[in-house]
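Chain by chain, the residues run as shown.
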Amino acid sequence: MNQFSKILILVSVLASASASFAGGVSDGGGGTTNPNPTDPIRLIRLLGRDATPLLRAWFNDQKANYFLLDEAKRKESPFYKIFNSQQEIDTVIKGAVVELNMSEACHDAKGQPVDGSVHASRPGAICLSPFSMSPKLNDLNVEAETLALLAHEFSHIFDTTEAEAIEIQNRALWTFSKLDPVDALIQLDLLVGRQSYSGVQPLLVELRYLSKGTLDISTNDQESIYRQMLEIRDKLSFQGKLQYLSADKLDVYTPQFTRLDALWWHACKTESFRSEDERGECQAKLDLGFATDSEVTARTFACRTTFVAPAMFPDSYDRVIIERLDSRESGQREVARLLAYMEDVFASLQELKESQIDFVRK
């Protein structure tokens, strides 16, 4: 997409946002006005290709930002009911049924025609109407507008007010108008693609070999893993607007680097090309990190070896446990733990990429 096209999209979206949100959309959410209507079939194809992973990644990012707020700000947030519910929005989206009305509008609780609604012909389903939406949209804004309207309707499942749902729709529209969905999906594909040299797959191959090998882990091995982990981490979010991993998995990604620090010192202390002083310094770091413990949290190890106060590390560091490294076998077990975590990351990314809301034409 060239720069001129992106400017056109942004102008179109800003104009439509003003019309939609200032116009007081009702229970089903609103539409926009545009002189070059899109084809309803194009709208359906976009939904089938992009909607599920993009929406889930957007809500992942919103959730991460929400929990950075203090308690007072959280209560003021339009996401308060969503992220304080026993239901997970991610689970709701994955299991959703969206009816696509091809010959009439959806209807709100009062029976009024709308573009989208949580009132559908089957219980628990969401209704979208390509029939009523397509005359108001064009090829420049159809994707951003449709994803934003879906975010609006999904929020209503958590009993958001109309004002809260409109604010969520507004934020989603702003996000999706500023990124290229195709680029976002390509980045996700590169993370899980088997042909990628910068995704998760090559790292998994290396970790599997090291966890079962007969040779000691070297500092070169550790540095290779460290470098790949950094590259992957940079790709787990897209332009700071989408987050491909859920917060519970992403939170324990950075503490894995503390595990890798321990593995580096473990490798360093036995490498024959190093001086006796170097090997001694590496052993001293391990002794400092583990003290007399058979295992420690990443927070404890990091605090002991960096002399940084415990409060400077997030609570997620307490969820990563590191075994005392005093043998080849203990090193392999630590690599195996890192492997198990990265396999879980890979499975989550792959599931996100392949996920699909059940869109049903009516």
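Let me begin by describing the structure that accompanies this report.

Parameters at a glance
- Residues numbered from 1 in each chain as written.
- Predicted model: local features only at pLDDT ≥ 70, side-chain atom pairs only at ≥ 80, totals over all residues.
- Heavy atoms only, no water.
- Axes fitted to C-alpha atoms, helices over the stretch in contact; angles between N-to-C directions.
- Helix = DSSP H or I, 4+ residues; strand = E, 2+ residues; numbered from the N terminus.
- Parallel < 35°, antiparallel > 145°, perpendicular 65-115°, else oblique.
- Left-handed = near helix turned anticlockwise from the far one by under 90°.
- Contact = heavy atoms within 4.5 Å.
- Nonpolar A, V, L, I, M, F, W, Y, C, P; charged D, E, K, R; others polar.
- Disulfide = S-S within 2.5 Å.
- Buried < 20%, exposed > 50% of the residue type's maximum accessible area, 1.4 Å probe, protein only.
- Salt bridge = Lys/Arg side-chain N within 4 Å of Asp/Glu carboxyl O.
- Core = buried A, V, L, I, M, F, W, Y, C linked by side-chain atoms within 4.5 Å.
- Expected span 1.5 Å × (residues − 1).
- Arc of directions from axis to C-beta.
- Polar contact = N/O pair within 3.5 Å; in protein donor to acceptor, adjacent residues only side chain to side chain.
- Phe/Tyr/Trp six-rings, centres within 6.5 Å; stacked < 30°, edge-to-face > 60°.
- Pairing = 2+ DSSP bridges.

This paragraph deals with the packing of helix H9 (residues 181-192) against helix H16 (residues 328-354). It is at 9 Å that the axes of H9 and H16 come closest, and there the two elements cross at 140°. Overall, the two elements H9 and H16 adopt an arrangement that is oblique. As for the relative orientation of H9 and H16, their crossing is left-handed in sense. Contacts between H9 and H16 involve Leu188, Asp189, Leu191 and Val192 from the former and Phe346, Leu349, Gln350, Leu352 and Lys353 from the latter. For the contact of H9 with H16, the residue count by class is six nonpolar, one polar and two charged.

Our focus in this paragraph is the state of the cysteines. Cysteine pairs can be covalently joined through their sulfur atoms, and such a bond is termed a disulfide. Inspection of the entire model under this criterion finds two disulfides. Two residues, Cys106 and Cys127, share a disulfide whose sulfurs are 2.0 Å apart. Judged by the sign of its S-S torsion, about -85°, the bond between Cys106 and Cys127 is left-handed. Placement of the pair is Cys106 in strand S2 (residues 106-107) and Cys127 in strand S5 (residues 126-128), with a sequence separation of 21 residues. Of the two residues, Cys106 and Cys127, both sit in the buried class. Between the sulfur atoms of Cys268 and its disulfide mate Cys282 the distance is 1.9 Å. Torsion about the S-S bond of the Cys268 and Cys282 cystine: about 75°, corresponding to right-handed handedness.

A few words on the pattern of salt bridges. This structure, assessed with the given rule, holds 22 salt bridges. Close ionic contact of Glu164 with Lys81 constitutes a salt bridge, the shortest N to O distance being 3.2 Å. One end of the pair, Glu164, is in helix H8 (residues 162-177); the other, Lys81, is in helix H4 (residues 80-83), with 83 residues separating them in the sequence. The exposure class assigned to Glu164 is partly exposed, which follows from its relative accessible area of 21%.

Next up on the list: unusual backbone geometry. The bulk of non-glycine residues show a negative phi, and the bulk of peptide bonds are trans. The phi dihedral of Asp159 falls on the positive side, at around 65°, and the residue is not glycine. Relative to the elements of secondary structure, Asp159 occurs in the loop between helix H7 (142-156) and H8. Exposure remark for Asp159: the relative accessible area of 61% places this residue in the exposed category. Its identity as a non-glycine residue notwithstanding, Phe307 has a phi of 65°, on the positive side. Structurally, the position occupied by Phe307 is in the loop between helix H15 (298-306) and strand S9 (321-323).

Attention now moves to the nonpolar core. The biggest cluster of nonpolar side chains holds 88 residues, and the ones touching the most others in it are Phe59, Phe154, Met342 and Leu349. Counting residues per element, this core draws most heavily on helix H2 (residues 40-66), at 11 residues. Residue contacts for Phe59: discarding those within four places in its chain leaves Phe79, Ile82, Phe83, Ile89, Ile93 and Ala151.

So, about H9. Relative to the 16 Å expected for 12 residues at 1.5 Å per residue, H9 spans 17 Å between its end C-alpha atoms, a close match to the ideal helical length. Residues Pro181, Ala184, Gln187, Leu188, Leu191 and Val192 constitute the buried set of H9. One side of H9 carries all its buried residues, which in axial view fall inside an arc of 130°. For H9, the side-chain oxygen to backbone nitrogen distance between the N-cap and Val182 is 2.9 Å, and the N-cap itself is Asp180.

Attention now moves to the packing of aromatic side chains. Scanning all chains against the criterion turns up 13 aromatic pairs. When the centroid spacing of 5.0 Å and the interplanar angle of 90° are considered together, the rings of Tyr66 and Phe67 count as edge-to-face. Note on Tyr66: relative accessible area 3%, which makes it buried. Both rings, one in Trp265 and one in Phe301, keep their centres 6.0 Å apart while their planes meet at 35°; by these two values the pair is tilted. Of this pair, Trp265 sits in helix H13 (residues 256-268) while Phe301 sits in helix H15, and the two are 36 residues apart along the sequence. For Trp265, a relative accessible area of 16% translates into the label buried. Here Phe301 falls in the buried class, since its relative accessible area comes to 0%.

Quick look at the sheet that holds strand S4 (residues 116-117) now. The strand order S4-S5-S1-S10 describes an open sheet built from four strands, whose pairing is mixed. Every interior strand has two partners, whereas the edge strands, S4 and strand S10 (358-361), have only one. Sheet topology places strand S1 (residues 97-100) next to S10; four bridges connect them, and they run parallel. Among the inter-strand pairings, Val98 is bridged to a residue of S10, identified as Phe359. Packing of H2 onto the sheet brings it into contact with S1, S5 and S10, and relative to S10 it is tilted by some 160°.

Of the strand pairs in this sheet, S1 and S5 are connected by three bridges, and their pairing is parallel. Each residue of the ladder has a partner; that of Leu100, found in S5, is Leu128.

So, on to the environment of Gln62. Mapped onto the secondary structure, Gln62 falls in helix H2. Here the alpha-carbon distance between Gln62 and Phe83, two residues 21 residues apart in the chain, equals 9.5 Å. Not counting residues up to four positions away in its chain, the partners in contact with Gln62 are Phe79 and Phe83.

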